[in-house]
Amino acid sequence: MMYDTLLSRSFSKHEKQKLRYWGLITCLLIALSFCTVFKPYLGPLPVLNLRLSIGAGQKLEIVNDTSSSLKLISGDDAVLKKNSALMANDTSSSQQVVKEIARKNDEPINNTSSSQEIIKEIIMNNTVKLNNTSSKQTIAGDIITKNKTEPVSVCNMLERSDFCEIKGDIRIDANSSIVYIVSSEIDILAASANTSWTIKPYARKGDRAAMSMVREWTLKMVKDHQNTLKCTQIHNVPAILFSLGGYSGNHFHAFTDIILPLYSTAQPFNGDVQLLVTDRKPWWVAKFNVLLNALSRYEIIEIGKRGESTHCFSSITVGLKRQSSKELNLDSMGDFRQFLRSSYSLRKTTAIKINNGGLKKRPRLVIISRQRSRKFSNIGEIAQLAKRLGYKVVVFEPDANVSRSAQVMNSCDVVMGVHGAGLTNMVFLPLNAILIQVIPFGGAEWVSKTYFQEPAKDMNIRYLEYKISLKESSLIEQYPADHVVLRNPYAIQKQGWEAFRSIYFDKQNVKLDLDGFRHTLLKALELLHQ
């Protein structure tokens, strides 16, 4: 009370207010000084140089890693030990290694038979080591270093594709199928000299037959010295390296395994990207030239020829991003179909809607014709039936001229055909168009559903199907009535895909029962009224 009296006598009201302000400023200065002095001791501990190794002989692997800090984790032994971490200090470089190994004894983590998408990332600022793609092994980790000028890489392992996005000094040796990642960081490479892994840049992982026809590429980290591969062509745009191997000769697989994943990978670059193809097929490039030019404004490079130049980039994606395990599917099929309409200048956006009264416009029906197998034996009679019901009919056989196929398919309201690659052209149909899939005899419902029925829904295409009976199949003329092919197709399926395909797909033609099929055509007309 005495001090308050003295203050009130010594200072005016205005002077006391100024004194409080100066006191507050003094406290802030003291706090700031405290933080500045003790900041080095308050920050988080650096986490550096987490290194992982896997066993040899895997599809994507690390080799020649002799670091004493490496740990081997295999599928049945992969375990997550919670609340357990290994930390080691490097007193010469003030670096710390932190590892955490988590263990689950009874749950396989990387099971390729699962319907769930498997995504594993390895992220690093200076270097990268890729984990195992084996169905019984998994490794995940982060490799982080301080030097921001060193290579940056992110490798993703999806259910149907592997791809790596790399930034840094990248040099491609086409003769040996090696992508070199050059680093000057001595500390990293001293412990893991010439670390490398392999990848097949084709988006149908898990299909052994397809992947056996894909060239394998090695991604290899090397030190920057005089013996490093010298650049002969330097590119100032990012690159995407992918394969034209596998089943690329099949129209369906060309879209589901290459075109759609390539769109997902290249579209974010808005054309400012260099496409590199391995397992070169000049006819394939010519067939899809319109789409390739729409994705990249640069001439495509068919890499892999002997004596080819050393191409150098500062950024590259090796492999394609296949977002979904489904066939003919993307997260944004609407955007992809708009991309197709723009690329091929397709005018029709929506199928016709038939009015109940007034002037009626006849809907356009395209019948997809086949010449080798699964062809309509009575295609002329089918066309006449459709005309009597009110359709304008076009009989069309797709070929290598994709532009022409796109125009024909986009002009129709209903398309019908026997299960086969030609139905892939439904990607060019207008919205609310109708797909009628004729399913061959022999139990092909499962593949018909996976390849075309489910994708049609994602494209806003209405779907109908007609399953032929034995009397509509040409197989009845090739086998006796009591033969297992006719009596028990399931027994043939159990022999494997090749046995099934060679009979029910390769040897079978279709003669539709017009009375039975009439109801399907009428159902399509009913949908066009809605």
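Look up: the structure comes first, before these words.
Cut-off values and rules
Residues numbered from 1 in each chain as written. Predicted model: local features only at pLDDT ≥ 70, side-chain atom pairs only at ≥ 80, totals over all residues. Heavy atoms only, no water. Axes fitted to C-alpha atoms, helices over the stretch in contact; angles between N-to-C directions. Helix = DSSP H or I, 4+ residues; strand = E, 2+ residues; numbered from the N terminus. Parallel < 35°, antiparallel > 145°, perpendicular 65-115°, else oblique. Left-handed = near helix turned anticlockwise from the far one by under 90°. Contact = heavy atoms within 4.5 Å. Nonpolar A, V, L, I, M, F, W, Y, C, P; charged D, E, K, R; others polar. Phe/Tyr/Trp six-rings, centres within 6.5 Å; stacked < 30°, edge-to-face > 60°. Buried < 20%, exposed > 50% of the residue type's maximum accessible area, 1.4 Å probe, protein only. Lys NZ or Arg CZ within 6 Å of the ring centre and 35° of its normal. Core = buried A, V, L, I, M, F, W, Y, C linked by side-chain atoms within 4.5 Å. Salt bridge = Lys/Arg side-chain N within 4 Å of Asp/Glu carboxyl O. Pairing = 2+ DSSP bridges. Disulfide = S-S within 2.5 Å. Patch = residues over 30% accessible without salt bridge, like charges linked within 9 Å, V, L, I, M, F, W, Y side chains within 5 Å. Areas by Shrake-Rupley, 256 points an atom, 1.4 Å probe, with all protein chains shown as cover.

A. Geometry of the packing of helix 9 (residues 379–389) against helix 15 (residues 514–529). In contact at an axis separation of 10 Å, helix 9 and helix 15 are set at 45° when each is read in the N-to-C sense. Classified by the interaxial angle, the pair formed by helix 9 and helix 15 is oblique. The two elements helix 9 and helix 15 cross, and the hand of that crossing is right-handed. Along the contact surface, helix 9 presents Glu381, Ile382, Leu385, Ala386 and Leu389, while helix 15 presents Leu514, Phe517, Arg518, Leu521, Leu522 and Leu525. Residue composition of the contact of helix 9 with helix 15, by class: nine nonpolar, no polar and two charged.

B. Structural context of the packing of aromatic side chains. Scanning all chains against the criterion turns up 17 aromatic pairs. Centre to centre, the rings of Trp284 and Phe288 are 4.7 Å apart; their planes meet at 45°, and the pair counts as tilted. With respect to burial, Trp284 and Phe288 carry one shared label: buried. Site record: aromatic cluster; members linked through ring pairs are Phe441, Trp446, Trp497, Phe500, Tyr504 and Phe505. Above the plane of the ring of Phe505 lies Arg374, whose end atom (NZ or CZ) is 4.7 Å from the centre.

C. Layout of the nonpolar core. Core analysis: the largest hydrophobic core is formed by 100 residues, its most contacted members being Phe336, Tyr391, Met416, Phe428, Val438 and Leu512. Take this core: its biggest share by element is nine residues, from helix 5 (residues 251–266). Excluding anything up to four places from it in sequence, Phe428 contacts Phe255, Arg337, Leu340, Tyr344, Leu346, Val402, Ala406, Met409 and Asn410.

D. How the structure looks around the pattern of salt bridges. Here the structure, examined in full by the defined rule, presents 17 salt bridges. A salt bridge links Lys348 to Asp413; the nearest nitrogen and oxygen atoms lie 2.7 Å apart. Of the two residues, Lys348 sits in the loop between helix 8 (333–343) and strand 17 (364–368) while Asp413 sits in the loop between helix 10 (402–410) and strand 19 (414–418), which places them 65 residues apart along the sequence. The exposure class assigned to Lys348 is partly exposed, which follows from its relative accessible area of 22%. The residue Asp399 makes a salt bridge to Arg404 at a minimum N-O spacing of 2.6 Å. Given a relative accessible area of 38%, Arg404 falls into the partly exposed group. Through salt bridges that share partners, Arg160, Arg204, Asp207, Asp257, Arg322 and Glu327 make up one connected network.

E. Region of the structure containing the packing of helix 5 against helix 8. Contact pair helix 5 / helix 8: the axes reach a minimum separation of 11 Å and the direction vectors enclose 90°. Considering the angle they form, helix 5 stands roughly perpendicular to helix 8. In contact with Phe255, Ile259, Leu260 and Tyr263 of helix 5, helix 8 contributes Met333, Asp335, Phe336 and Phe339. Taken together, the residues that form the contact of helix 5 with helix 8 break down as seven nonpolar, no polar and one charged.

F. The arrangement of the pairing of strand 19 in detail. Burial of strand 19 is extensive: five of the five residues sit out of reach of the surface. Across the two faces of strand 19 the burial is the same, with Val414, Met416 and Val418 and Val415 and Gly417 all buried. Taken together, the three bridges between strand 17 and strand 19 define a ladder with parallel strand orientation. Residue pairing across strands places Val366 opposite Val415, the latter belonging to strand 19. Pairing of strand 19 with strand 20 (residues 434–439) involves five bridges; the strand directions are parallel. For Val418, the partnering residue across the bridge sits in strand 20 and is Val438.

G. Molecular detail of the state of the cysteines. Within the structure shown, the criterion is met by two disulfides. One disulfide in the model links Cys155 with Cys164; its S-S distance is 2.2 Å. In this structure, the disulfide formed by Cys155 and Cys164 twists by about 115° around the S-S bond and is classed as right-handed. Under the relative-accessibility criterion, Cys155 is labelled buried at 0%. Each disulfide pairs two cysteine sulfurs, and for Cys231 the partner residue is Cys312, the sulfurs being separated by 1.9 Å. Looking along the S-S bond of the Cys231-Cys312 disulfide, the torsion reads about -100°, which is the left-handed sense. Taken together, the residues span a long stretch of sequence, with Cys231 in the loop between strand 11 (217–223) and strand 12 (233–234) and Cys312 in strand 16 (residues 311–318) at a distance of 81 residues. Judged by its relative accessible area of 30%, Cys231 falls in the partly exposed class. By relative accessible area, which is 4% here, Cys312 ends up buried. Listing the disulfide partners of the chain by sequence rank of the bonded cysteines yields 1-2, 3-4.

H. Summary view of a nonpolar patch on the surface. On the surface, Trp22, Ile25 and Leu29 cluster together to form a nonpolar patch covering roughly 350 Å² of accessible area. With respect to the helices, strands and loops of the structure, Trp22 is situated in helix 2 (residues 13–42).

I. Broad picture of the sheet that holds strand 19. The parallel open sheet is built from five strands, whose spatial order is 18-17-19-20-21. Looking at which strands have only one partner, the edges of the open sheet turn out to be strand 18 (392–396) and strand 21 (462–467). Looking at each pair of strands side by side, their axes are set apart by 20° on average, direction ignored. Taken strand by strand, helix 15 contacts strand 17, strand 19, strand 20 and strand 21, and its axis lies near 175° from that of strand 21.

J. The environment of Thr317, seen in detail. Relative to the assigned elements, Thr317 resides in strand 16. Residue class for Thr317 comes out buried when judged on its relative accessible area of 5%. Taking the C-alpha atoms as reference points, Thr317 and Lys167, 150 residues apart in sequence, are found 8.9 Å from one another.

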